[in-house]
Amino acid sequence: MARFASLVLDIPTRALTAPYDYAVPEELEGDVAVGCTVLVNFSGRPAVGYVVAVSDDAPEGVDPEKVKPLEQVLAPSAFCSAQARLGLWMAREYAAPLNACFRLLLPAGQTVKVTKGDNGWSLDGSVPDAPEDRWVALTEKGRDFVPRANALRQREVLEGLAEGPQRLADLAAVSPGARGAVTALEKKGVVTVSSSLKTGAVDETSLSSARAPRPRVLTQGQRDALSAIARAREAADGSVVLVDGVTGSGKTEVYLQAIEETLAQGRTAIVLVPEISLTAQTVGRFRGRFGDEVSILHSRLSTGERRQQWELARTGHSRVVVGARSALFAPLDNVGLIVVDEEHEQSYKQDQAPRYHARETAAELARLHGAALVLGSATPSMESLERCREGSWRGVPWVRASMPERPGSAVLPAVSVVDMREQFRDRNGSPLSAPLRKALLETHAAGEKSVLLLNRRGFASFLMCRDCGCVPTCPHCSTSLTYHERTRELACHTCGSRWPARAYPDPGTVCPSCGSRYLGAYGIGTQRVEDELRALLPGAPIVRMDADTTKAKGAHQKLLEEFDASPGAVLVGTQMIAKGLDFPDVTLVGVVNADTSLKLPDFRAAERTYGLLEQVAGRAGRGEKPGRVLIQTYWPTHPAITSVAQHNRAAFVRYEMAMRREADYPPFTRLGNVTVSSTNEGLAERVVTQVADELRAATAGRPGWRVLGPTDCLKAKAKDRYRRHVLVKAPLSADLGAVLAEACREVDSRGTSVAIDVDACDLM
DNA sequence: AGCACGCCGACT
DNA sequence: GTCGGCGTGCTC
């Protein structure tokens, strides 16, 4: 009986849209399975392929004469057939090249390059080093050890270890500088480092005794969420549970118990977290509960370490995989549960091909495995909320489990809004309003800490000529240049170019366009705020965190340590301070300019602003002392701002949903974006026009479809490439990726690059 | 991606 | 009359 294998060929082109079939020679039958990497003769040349299906039946619709035998097996199976179907689905759903989708499924370090040796061809790529297997554990006396105030790294390590022993490699990957901290702690006798906890031959006694106990009591919300997840698992159809819980409501404990139940049924689990929240403590919580049954996949692991973690999952040694976006493709069999934490995070959308959304891809994988999908968030995406309201999406049930209570006694911070228009009328030209100044003084006087958030998204300092109105722009990009006062430079945030510059009242100032000397600086930068703070609070420790001060390796960490160790300090920074920051003695959070991101020409502007404010507001008063939040805005009536102030998310969601429905935006429609870029402006223009014409021809008369544009991208020129795009709105049931791919195939796009983005998040 | 097949201009 | 341009299409 002859056998046949269906292969996805690793040839980088959109032209290959389907697998090709090859015969399996008898002598290779034992080695060929779904997930294998094989070598074939493809139109006279060697090509690498991945087996997506194996069958006893000859391929249909192919001349049997043409079916060639596959030549060699290059690597054993890396994925199962559910994952193979996921790869095929992604290629179609996201109009991505097939080979790019399948590369996601390969182990770290495997390349496509092959070289000819004595025994035929072999895959390039060195076999990864055996990764170190040193484990770090707290000693008895270490449990009571309190690190010095400024030893943030040590504290991070200890927080991670409090939940159970960890691999040194994991600690180091997740927390830079952990190696040093561990060495220091070992000297003090606080921790022990041993290689006795060999993977696969675990010292059960030391590990299980170190496992964190389950809390005895769950909140009503946690119990409800768990039973909803249990029902979803029983349905075995990819059912989704949205765990809608405020910060601190115990979502992680829900995940942990849901995973325990899944493992007890002999199935496996995948947990996705945003890269930024993959901290030592997060890893520790999972390790603490599941010991070495957990694999960690993280972009900061070395290739060898990642390969090792991957191999542990493939061989069944670990049945839980925790990691960022790409952990979704870990080689786990029989997946029963997938968790996507912070499901609203935009980082789940990949911004390079394949432009997949991890939440949507997780939903498809859950469906393919008959697993349950758990989405967690304190500010769920509009998509998830709407699907739960509808009760289903793509034929699969979606339910929302609400967890409003916080275990313990933490109280919500008092949020007040400062109307900056009044400040302007009162001749206060400072970026800090009178109420915020007062609050800063009080907080500092009490020896407590403040955090000031500068919402720089879509906003920065720039130079403008008062005479002719000209704003210097980048010659390589279409963006206006950002002015850096400290270094006296104009910088392009798109391509990174920098020029020395002078601003009024410097006597050397000259407007590049009209020669006037009234070229002045506008907008508020972190430097300006820092300067104001120094004037307001002379002698107070002020830490500034932005792209400039965190560029150096480890600078991020260092600045946080500095802030942590200084009583009465103020931290000034951009978005990056909103997430993951958890200092108990911060009692004041100020948002300097809440509304700049509201004005962006992006339909998700309000949602993002709301999310950011909600998140930053949660940073106040996490310890014993109550916190307060001051939000400065020129738009105090916008629901994204009033809803945060009133702790009324429902009001925001009601407003935002109405806007989206009105304007035909997601979650009520699908949105596709095709961007054509080229160094040749006319060529980009011609190609994008043809794409738009094809799309119009393909969708004419179909209800719910609209083709908008073409128009210049918001960044009309970037890195010397001209960029134009077409937007497509389609009904929720539409096969948007297939339609976009088909239209683009019809167009001769040589000399340009065409980026298809299905369910686009970033429309810049 | 490669490499065939295929139909129009300047050469032995 | 042929050699060669690279435009279109196929590869299990």
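Every value quoted in this text rests on a predicted model; they were computed, and no experiment measured them. (Residues numbered from 1 in each chain as written. Chains lettered and ligands numbered in written order. Predicted model: local features only at pLDDT ≥ 70, side-chain atom pairs only at ≥ 80, totals over all residues. Heavy atoms only, no water.)

**Some thoughts on the UniProt feature "binding site: Zn(2+) 2" (unreviewed entry) in chain A**
Annotation from UniProt places "binding site: Zn(2+) 2" (unreviewed entry) at Cys474, Cys477, Cys492 and Cys495. Tracing the sequence through the fold places Cys474 in the loop between β21 (462-465) and β22 (482-484). Classification of Cys474 by relative accessible area gives buried; the value is 3%. (UniProt positions renumbered as here; feature names shortened; annotations may be inferred. Helix = DSSP H or I, 4+ residues; strand = E, 2+ residues; numbered from the N terminus. Buried < 20%, exposed > 50% of the residue type's maximum accessible area, 1.4 Å probe, protein only.)

**Here's the deal with the protein's contact with DNA strand C**
Every residue lining DNA strand C is accounted for by Leu16, Tyr20, Asp21, Tyr22, Asn41, Phe42, Ser43, Val62, Lys66, Val67 and Lys68. A distance of 2.5 Å is found between a sugar or linking oxygen of DNA strand C and a backbone nitrogen or oxygen belonging to Asp21. The side chain of Tyr22 places a nitrogen or oxygen atom 3.3 Å from a phosphate oxygen of DNA strand C. Listing elements by their share of the surface near DNA strand C, those giving two or more residues are β2 (20-24) and β3 (37-42). Partitioning the surface near DNA strand C into residue classes produces 6 nonpolar, 2 polar and 3 charged. (Near = heavy atom within 4 Å. Polar contact = N/O pair within 3.5 Å; in protein donor to acceptor, adjacent residues only side chain to side chain. Nonpolar A, V, L, I, M, F, W, Y, C, P; charged D, E, K, R; others polar.)

**What about the protein's contact with DNA strand B?**
Around DNA strand B, a shell composed of Ile11, Pro12, Thr13 and Arg45 is seen. Looking at DNA strand B alone, sugar and phosphate atoms form 54% of those within 4 Å of the protein. Pro12 places a polar main-chain atom, nitrogen or oxygen, 3.2 Å from a phosphate oxygen of DNA strand B. Residue classes in the surface near DNA strand B are distributed as 2 nonpolar, 1 polar and 1 charged.

**Structural notes on the nonpolar core**
In terms of nonpolar packing, the biggest core is built from 119 residues, with Phe102, Ile338, Leu373, Ile631 and Leu695 touching the most fellow members. When residues of this core are assigned to their parent elements, the largest contribution, 7 residues, is made by helix α20 (residues 681-699). In this structure, Val136, Leu158, Val191 and Val241 belong to the second largest nonpolar core, which totals 46 residues. (Core = buried A, V, L, I, M, F, W, Y, C linked by side-chain atoms within 4.5 Å.)

**Some points on the sheet that holds strand β8 (residues 135-138)**
Strands sit in the order β9-β8-β10 across an open sheet of 3 strands; the sheet is antiparallel. Both edges of this open sheet fall to β9 (166-167) and β10 (191-194), since each of them pairs with a single strand only. Looking at chain direction, β8 and β9 are connected through 2 bridges and run antiparallel. Across the sheet, the residue bridging to Trp135 is Arg167, located in β9. (Pairing = 2+ DSSP bridges.)

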